[in-house]
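Letter by letter, the chains look like this.
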Amino acid sequence: MSASGGTKAIVAALSANLAIAAAKFVAFLFSGSSSMLAESVHSLADSGNQGLLLLGGKKAQREATPQHPFGYGRERYVYAFLVSIVLFSVGGMFAVYEGYEKIQHPHAIEAWYWPVGVLVFAIVAEGFSFRTAIKESNVTRGGLSWKEFIRRAKAPELPVVLLEDFGALVGLVLALLGVGLALATGDGVWDGIGTLCIGVLLILIALILAAETKSLLLGESAGTDEVAKIKAAIVDGDTVTSVIHMRTLHLGPEELLVAAKIAVQHDDTAQEVATAINEAESRIRAAVPIARVIYLEPDIYSAEEAAAGPDPAATPGGR
């Protein structure tokens with residue numbers, strides 16, 4: 001995912017959520033609808049989340065230091081994980097609490113046209129934001145399904161915005177149903193039920209985001225295609241005859257570390273091996289441009305040692 005594509009989707013979501021949050025809160029003041037209060041807090045939480053993503057992207061651009069020699073690319077993962085925490089606590093848990101209170105102490109909705117009008121406006125605005133996120137995601141999604149894209153994406157911003165916008169749209173429909181049923185039946189309990197459903201939805205989305213960003217924080221390998229390209233680029237069939245084993249690690253969404261032990265001929269000179277390594281590094285960077293930190297260790301391949309130990313072709317990260 002390009003950083004520019006992620007930023008465009010974040011800004012679109014932030015603009016929509018700020019306008020929606022203000023409109024929802026005004027509707028709550030006039031109508032007393034708990035669904036509108038939960039939705040206004042939800043939109044405020046989403047706005048804060050987009051601010052966190054922008055801050056994480058900015059901090060990740062800092063230069064490497066002696067204390068952090070591989071740079072700050074993973075800051076984007078840290079702030080994406082914070083987003084899941086905010087969405088769970090501020091958005092989901094608040095909505096669950098508010099829904100429970102409204103079910104226990106229901107009251108009729110006043111000035112119904114305020115919540116209905118604002119919800120319709122919010123659906124249109126969130127739809128625009130969701131459309132922008134889909135459009136930007138399609139640039140890098142390729143043939144992956146949406147589920148695969150969210151699970152495999154190394155840049156966290158677009159999956160986060162996609163899930164937030166999807167949750168917001170479903171939440172708005174639930175709020176509209178809750179308000180509509182409360183108005184139709186005259187029973188404010190339906191408004192509370194709608195609020196409770198919104199809370200459960202937000203908690204589920206927060207848990208999915210937490211699981212995915214936790215995996216990124218722990219450190220994920222390159223994708224299967226990238227691993228295959230790197231292996232093909234290392235071997236020249238002359239000096240470098242094979243890859244004995246290899247490890248890859250994302251230092252950030254757009255920076256990859258490659259460490260490999262490569263097999264060379266037993267009678268090659270040090271100069272020939274050094275030249276082969278330099279050429280292999282150039283081929284790797286040409287094949288996979290995000291492979292910016294590369295360590296190649298030459299060794300003499302032994303079929304006997306390989307047979308006695310783990311399969312050298314079974315490279316972690318290659319699956």
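What comes next concerns the included structure.

What counts and what doesn't
Residues numbered from 1 in each chain as written. Predicted model: local features only at pLDDT ≥ 70, side-chain atom pairs only at ≥ 80, totals over all residues. Heavy atoms only, no water. Helix = DSSP H or I, 4+ residues; strand = E, 2+ residues; numbered from the N terminus. Contact = heavy atoms within 4.5 Å. Pairing = 2+ DSSP bridges. Right-handed = clockwise from strand over helix to strand, strands pointing away. Axes fitted to C-alpha atoms, helices over the stretch in contact; angles between N-to-C directions. Parallel < 35°, antiparallel > 145°, perpendicular 65-115°, else oblique. Nonpolar A, V, L, I, M, F, W, Y, C, P; charged D, E, K, R; others polar. 1 Å grid on protein atoms, 1.4 Å probe; cavity = no way out; pocket = protein on both sides within 12 Å on 5 of 7 lines; lining within 4 Å. Points joined across faces, edges and corners; volume = space filled by probe spheres on them. Salt bridge = Lys/Arg side-chain N within 4 Å of Asp/Glu carboxyl O. Buried < 20%, exposed > 50% of the residue type's maximum accessible area, 1.4 Å probe, protein only. Phe/Tyr/Trp six-rings, centres within 6.5 Å; stacked < 30°, edge-to-face > 60°. Lys NZ or Arg CZ within 6 Å of the ring centre and 35° of its normal.

1. Focus on the environment of S35
Then step 1. With respect to the element layout, S35 can be found in helix α2 (residues 34–59).
Then step 2. Each C-alpha atom of the pair S35 and G192 lies 6.8 Å from the other, and the pair is 157 residues apart in sequence.
Then step 3. With sequence-adjacent residues up to four places away left out, S35 is seen in contact with A175, V179, D191, G194 and T195.

2. Description of the pairing of strand β3 (residues 291–300)
Then step 1. Strand direction decides the pairing type here: strand β2 (residues 255–264) and β3, joined by 9 bridges, are parallel. Bridging from a neighbouring strand, V258 pairs with I294 of β3.
Then step 2. With helix α9 (residues 270–287) bridging β2 and its parallel neighbour β3, the resulting β-α-β unit is right-handed.

3. Structural notes on the packing of α2 against helix α7 (residues 189–218)
Then step 1. Packing of α2 against α7 leaves a shortest axis separation of 8 Å and a crossing angle of 25°. Regarding the angle of α2 to α7, the classification is roughly parallel. Where α2 approaches α7, its residues S34, S35, A38, E39 and H42 are matched on the opposing element by D191, G192, G194, T195, I198 and L202.
Then step 2. Here the contact of α2 with α7 is built from residues that sort into 3 nonpolar, 6 polar and 2 charged.

4. Focus: the pairing of strand β1 (residues 240–252)
Then step 1. Bridge count for β1 against β2 is 10 bridges, and the pairing is antiparallel. Paired with H250 across the bridge in β2 is L256.

5. Side note on empty space enclosed by the protein
Then step 1. Counting across every chain of the model gives 1 cavity of 30 Å³ or more.
Then step 2. Among the elements of the structure, α5 (146–152), α6 (157–185) and α7 are those that each provide at least two residues to the lining of the largest cavity.
Then step 3. If one sorts the elements of the lining of the largest cavity by residue count, α7 sits on top with 5 residues.
Then step 4. For the lining of the largest cavity, the class distribution of residues is 10 nonpolar, 1 polar and 3 charged.

6. Overview of the pattern of salt bridges
Once the charged atoms of two side chains with opposite charge are near each other, the side chains can pair.
Then step 1. This structure, assessed with the given rule, holds 8 salt bridges.
Then step 2. Between R62 and E75 there is a salt bridge; the shortest N-O distance is 2.0 Å. Residue R62 is located in the loop between α2 and α3 (75–104), and its partner E75 is located in helix α3; the two are separated by 13 residues in the primary sequence.
Then step 3. Residue R62 is classed as partly exposed on the basis of its relative accessible area of 39%.
Then step 4. The exposure class of E75 is buried, given its relative accessible area of 16%.
Then step 5. Here K154 makes a salt bridge to E220, at a shortest N to O gap of 2.6 Å. Of this pair, K154 sits in the loop between α5 and α6 while E220 is found in the loop between α7 and α8 (224–234), placing the two residues 66 residues apart along the sequence.

7. Re the layout of surface pockets
Then step 1. Taken as a whole, the second largest pocket encloses approximately 410 Å³ of empty space.
Then step 2. Forming the boundary of the second largest pocket are 25 residues, of which G57, A60, Q61, R76 and E254 lie nearest the centre.
Then step 3. Residues that form the lining of the second largest pocket fall into these classes: 10 nonpolar, 7 polar and 8 charged.

8. Overview of the packing of aromatic side chains
Then step 1. Considering all chains together, one arrives at 3 aromatic pairs under this definition.
Then step 2. Taking the centre distance of 4.5 Å and the plane angle of 10° together, the rings of F30 and W114 count as stacked. Of the two residues, F30 is situated in helix α1 (residues 3–31) and W114 in helix α4 (residues 113–141); the sequence distance between them amounts to 84 residues.
Then step 3. Exposure remark for F30: the relative accessible area of 46% places this residue in the partly exposed category.
Then step 4. Accessibility expressed as a relative area gives 30% for W114, which makes it partly exposed.
Then step 5. Pairing W146 with F149 gives two aromatic rings, centres 6.1 Å apart and planes at 90°, and the pair type is edge-to-face. Note that W146 and F149 are positioned in helix α5 at a spacing of 3 residues, about one turn of the helix.
Then step 6. The exposure class of F149 is buried, given its relative accessible area of 5%.
Then step 7. When the ring centre of W146 is taken as origin, the NZ or CZ atom of R141, which lies over that ring, is 3.9 Å away.

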